[in-house]
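Topology and contacts: notes
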Amino acid sequence: NWIILRGFWDQKQDEGLEKSNPRLDGWFRINSILVPKGNFESIKKSIGNKNLVDPHTVSPPSTGYEGFWGEYPWHRSCIFMSGWRNPDKYEKLIPVKYLIPISQYKWEKGSNDYSLDSSISFYMPAREIIEDMKLSRSLTNIGEWVNEKKEVVFNDPSFKEKGASYALMNKAKLLEWLEINELELLWLIGGEKSLFTYGATQFFGRNTYNGLFKLENSIPTGNLWFKKEEPLE
């Protein structure tokens, strides 16, 4: 069983519809943070009914198109890639210190590198998790990280399966690690459903939805809130 730590899903209605007909455009983003136990209610109060659709609501550390994959996380170029964040001072969204459990690797095509014909981006465990759980890269799958028993603990399935990049973690291993470190996992969800005609020439309305969830008895529990936007007359 896997737990999603970060991912993005989107889908557009069949392009075969008549251009004058509205079509559904839907998407959502999954973010996660790890916080000391007992802080869910204070975070829930702080977030209130704020909008969580911004991609920078939770920003994981990134190699920033400069580091090599094999250098993470031990190389000095990765020293700055800490997953820990202090309470938000400006957005005032998360009032406690928290850990972003993943990092992101990025590399762009172009310049003097001719080994790629497209840019790449995928997820990796946070440096703190790698060090504490003694993880290492799998020798058979670039998207997997294994423990000392060679059990797969973290996986980005986009290397083996068609689809977007997702950060997945072995549920049993993660829950055990959270219990030892007295942390709990929270999800911040943001997404929207919109109706447009082909080419977005006419707008029919949008429903934005946001949510805050936590693991309770190994089951996600929480709530969603919504905001509707009607088309202009």
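The present account deals with the structure reproduced in this document. Everything numeric in this text was worked out from a predicted model, so none of it was measured. (Residues numbered from 1 in each chain as written. Predicted model: local features only at pLDDT ≥ 70, side-chain atom pairs only at ≥ 80, totals over all residues. Heavy atoms only, no water.)

1. A few points about a nonpolar patch on the surface
A cluster of nonpolar residues, Leu24, Leu195 and Phe204, forms a patch on the protein surface that exposes about 220 Å² of accessible area. One can find Leu24 in strand β2 (residues 23-36). (Patch = residues over 30% accessible without salt bridge, like charges linked within 9 Å, V, L, I, M, F, W, Y side chains within 5 Å. Areas by Shrake-Rupley, 256 points an atom, 1.4 Å probe, with all protein chains shown as cover. Salt bridge = Lys/Arg side-chain N within 4 Å of Asp/Glu carboxyl O. Helix = DSSP H or I, 4+ residues; strand = E, 2+ residues; numbered from the N terminus.)

2. Some words on helix α1 (residues 40-47)
All of the buried residues along α1 are Phe40, Ile43, Ser46 and Ile47. Taken around the axis of α1, the buried residues stretch over an arc of 130°, which confines them to a single face. Away from the buried face of α1 by more than 90 degrees, exposed residues Glu41 and Lys45 are located. Those residues of α1 that are buried lie in contact with β2, β11 (183-196), β12 (203-216) and β13 (219-229). Where α1 terminates, the next one or two residues include Gly48, which has phi positive at roughly 55°. (Buried < 20%, exposed > 50% of the residue type's maximum accessible area, 1.4 Å probe, protein only. Arc of directions from axis to C-beta. Contact = heavy atoms within 4.5 Å.)

3. Concerning empty space enclosed by the protein
Inspection of every chain in the model, using the stated rule, returns one cavity of 30 Å³ or more. Estimates place the volume of the largest cavity at around 30 Å³. Lining the largest cavity, in full, are Leu5, Arg6, Asn31, Ser32, Val58, Ile100, Pro101 and Ile102. Counting only elements with at least two residues in the lining of the largest cavity, the list comes to β1 (2-12) and β2. Broken down by class, the residue content of the lining of the largest cavity amounts to five nonpolar, two polar and one charged. (1 Å grid on protein atoms, 1.4 Å probe; cavity = no way out; pocket = protein on both sides within 12 Å on 5 of 7 lines; lining within 4 Å. Points joined across faces, edges and corners; volume = space filled by probe spheres on them. Nonpolar A, V, L, I, M, F, W, Y, C, P; charged D, E, K, R; others polar.)

4. Regarding the nonpolar core
In terms of nonpolar packing, the biggest core is built from 50 residues, with Leu5, Leu185 and Leu188 touching the most fellow members. It is β11 that contributes the most residues to this core, six residues altogether. Setting aside anything within four residues of it in sequence, one finds Leu5 in contact with Ile30, Asn31, Ser32, Pro101, Ile102, Phe154, Ala167, Met169, Leu174 and Leu185. (Core = buried A, V, L, I, M, F, W, Y, C linked by side-chain atoms within 4.5 Å.)

5. Focus on the pairing of β11
Burial of β11 is extensive: twelve of the 14 residues sit out of reach of the surface. In this structure, β2 lies alongside β11, joined through 14 bridges in antiparallel fashion. By the bridge assignment, Asp25 is partnered in β11 with Ser194. Strand direction decides the pairing type here: β11 and β12, joined by eleven bridges, are antiparallel. For Gly190, the partnering residue across the bridge sits in β12 and is Asn210. (Pairing = 2+ DSSP bridges.)

6. Notes on the environment of Ile130
With respect to the helices and strands, Ile130 occurs in helix α2 (residues 127-133). When the C-alpha atoms of Ile130 and Trp145 are compared, they prove to be 8.5 Å apart, with 15 residues separating the residues in sequence. The contacts of Ile130, once residues within four sequence positions are left out, are Tyr72, Pro73, Pro125, Leu135 and Trp145.

7. Re the packing of aromatic side chains
Under the criterion given, the structure shown has five aromatic pairs. When the centroid spacing of 6.2 Å and the interplanar angle of 90° are considered together, the rings of Tyr72 and Trp145 count as edge-to-face. Of this pair, Tyr72 sits in the loop between α1 and β3 (84-85) while Trp145 sits in strand β8 (residues 144-146), and the two are 73 residues apart along the sequence. Note on accessibility: Tyr72 and Trp145 belong to one class, buried. Taken together, a centroid distance of 4.8 Å and an interplanar angle of 70° make the contact between Phe122 and Phe159 edge-to-face. Of this pair, Phe122 sits in strand β6 (residues 120-125) while Phe159 sits in the loop between β9 (152-155) and β10 (167-170), and the two are 37 residues apart along the sequence. Judged by relative accessible area, which is 4%, Phe122 ranks as buried. Three or more aromatic residues link up through ring pairs in this structure, and these residues are Tyr105, Phe122 and Phe159. (Phe/Tyr/Trp six-rings, centres within 6.5 Å; stacked < 30°, edge-to-face > 60°.)

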